[in-house]
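Listed below are the residues making up each chain.
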Amino acid sequence: MQIQTSVQFIVNAKIEDVFNASTDCHNLPKFFTGYKGIPAILSAKTVDGFPLHEGSIRIVDNSDGSSIEEVILSLKQPNLQEYKLIKGFKPPFSWLVRSASGKWEYETLDTKTRVIWNFYFETRNIFAYLVFRLLVQQQFQNAQEICLKNLKKYVEDHER
């Protein structure tokens, strides 16, 4: 059973600047700082050492000791990034979630940019679905909101 979280923010910057900042692996720890039971990102890098591209494998090390492997499914500058988490979930998260994926969409609004971040979790069963809805979903959505708020501040501060 699928659970979706979604957040969006308006950033006072050009779409290319927002896209580039949010797809730079070195920035992920600055942006995704976690929330309560949701771990922060400590580091992120591509396996091949190149900038993010379609087909990249990105390794994300988290504050809970997990190391998540993600594959970049789609990267269309400056409008879209899509990725799927392919391994590395740590208990108790791994007990609840079979797979997860994210999709960031960027839209120009005059001189500003709307960022929409959807995240999809495929739970293991109805029990996992209920537990996730009750205990994890809101915390993850709060972590997403903090992430986009940090992205907004970073890009707007660097625009000046």
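This structure is a prediction, so every number in the text was calculated from the model and none was measured. (Residues numbered from 1 in each chain as written. Predicted model: local features only at pLDDT ≥ 70, side-chain atom pairs only at ≥ 80, totals over all residues. Heavy atoms only, no water.)

Undergrad: Before we move on, could you go through the overall build of the protein and cite the residues and values that matter?
TA: Helix and strand counts for the protein stand at 5 helices and 7 strands. Here the protein has a C-alpha radius of gyration of 15 Å; the compact-globule value for 160 residues is 15 Å, and the two agree. C-alpha atoms of the protein, sized along the principal axes, occupy 45 × 35 × 25 Å. Counting every atom, the protein has about 8300 Å² of accessible surface; 54% of that belongs to carbon and sulfur. If you average the places of the 19 positive and of the 18 negative side-chain charges in the protein, the two averages end up 6 Å apart. (Helix = DSSP H or I, 4+ residues; strand = E, 2+ residues; numbered from the N terminus. Rg over C-alpha atoms; globule rule 2.2 N^0.38 Å. Areas by Shrake-Rupley, 256 points an atom, 1.4 Å probe, with all protein chains shown as cover. Lys, Arg positive; Asp, Glu negative; His and termini not counted. Charge placed at Lys NZ, Arg CZ, Asp CG, Glu CD.)

Undergrad: Lay out the side chain of Gln-137 in plain terms, naming residues and giving numbers.
TA: Along the chain, the position of Gln-137 falls in helix H5 (residues 137-159). Gln-137 gets classed as buried once you look at its relative accessible area, which sits at 15%. In this structure the side chain of Gln-137 is engaged in a polar contact, spanning 3.2 Å, whose partner is the side chain of Arg-133. In contact with Gln-137, other than residues within four places in its own chain, are Ile-3, Gln-4, Thr-5 and Phe-132. (Buried < 20%, exposed > 50% of the residue type's maximum accessible area, 1.4 Å probe, protein only. Polar contact = N/O pair within 3.5 Å; in protein donor to acceptor, adjacent residues only side chain to side chain. Contact = heavy atoms within 4.5 Å.)

Undergrad: Go over the nonpolar core with me, naming the residues and quoting the values.
TA: Formed by 42 residues in total, the largest nonpolar core has its most connected members in Val-18, Phe-32, Trp-104, Trp-117, Phe-119, Phe-121 and Leu-151. Looking at which element gives the most residues to this core, the answer is H5, with 6 residues. (Core = buried A, V, L, I, M, F, W, Y, C linked by side-chain atoms within 4.5 Å.)

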